[in-house]
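Chain residues, written in single-letter form:
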Amino acid sequence: MAKDQLQLEVREGSAPGVTVVLLNGALTIHTLFVFQDFAHADKSEKLVLDMSQVPYMDSAGLGSIISAYVSREREARKMVLAGVSERVKMVMTVSGVEQLFQIYADVPAAEAARS
């Protein structure tokens, strides 16, 4: 996959109202639009972002995730993260936003959580 591509694989979660989306590729200023379009269109009660295939995220990518999170919270819908790499966690930590998100080791743990 080229560095300037981000692919989304969307599936229904294990419970009603849950959507799981696998982000595959770097989430950067050059790739975030596909994620933003999806996040704005998704109306599920709980969205699990599987970030296990995101090797890198820049500040613009982080901003797009924060924006999606805030929009969903405003509408009383949840968004959680799963499979976040240490490199991506570091971007969140340095930016001071890691505590904003519920982060789980993997998708099954995120789906099982009562969030």
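In this report, the structure presented in the accompanying data block is examined. (Residues numbered from 1 in each chain as written. Predicted model: local features only at pLDDT ≥ 70, side-chain atom pairs only at ≥ 80, totals over all residues. Heavy atoms only, no water.)

So, on to the packing of helix α1 (residues 32-41) against helix α2 (residues 59-74). Packing of α1 against α2 leaves a shortest axis separation of 10 Å and a crossing angle of 0°. With respect to α2, the axis of α1 lies roughly parallel. Contact with α1, carried on its side by Leu32, Phe35, Gln36 and Ala39, involves Ala60, Gly61, Ser64, Ile65 and Ala68 of α2 and no other residues of that element. Along the lines of polarity and charge, the residues of the contact of α1 with α2 split into six nonpolar, three polar and no charged. (Axes fitted to C-alpha atoms, helices over the stretch in contact; angles between N-to-C directions. Helix = DSSP H or I, 4+ residues; strand = E, 2+ residues; numbered from the N terminus. Parallel < 35°, antiparallel > 145°, perpendicular 65-115°, else oblique. Contact = heavy atoms within 4.5 Å. Nonpolar A, V, L, I, M, F, W, Y, C, P; charged D, E, K, R; others polar.)

A few words now on unusual backbone geometry. In this model, Ala76 sits at a positive phi of 60°, which is unusual for a non-glycine residue. Residue placement: Ala76 occurs in the loop between α2 and β4 (78-82). For Ala76, a relative accessible area of 70% gives the class exposed. (Buried < 20%, exposed > 50% of the residue type's maximum accessible area, 1.4 Å probe, protein only.)

Shape descriptors only; they carry no functional weight alone.
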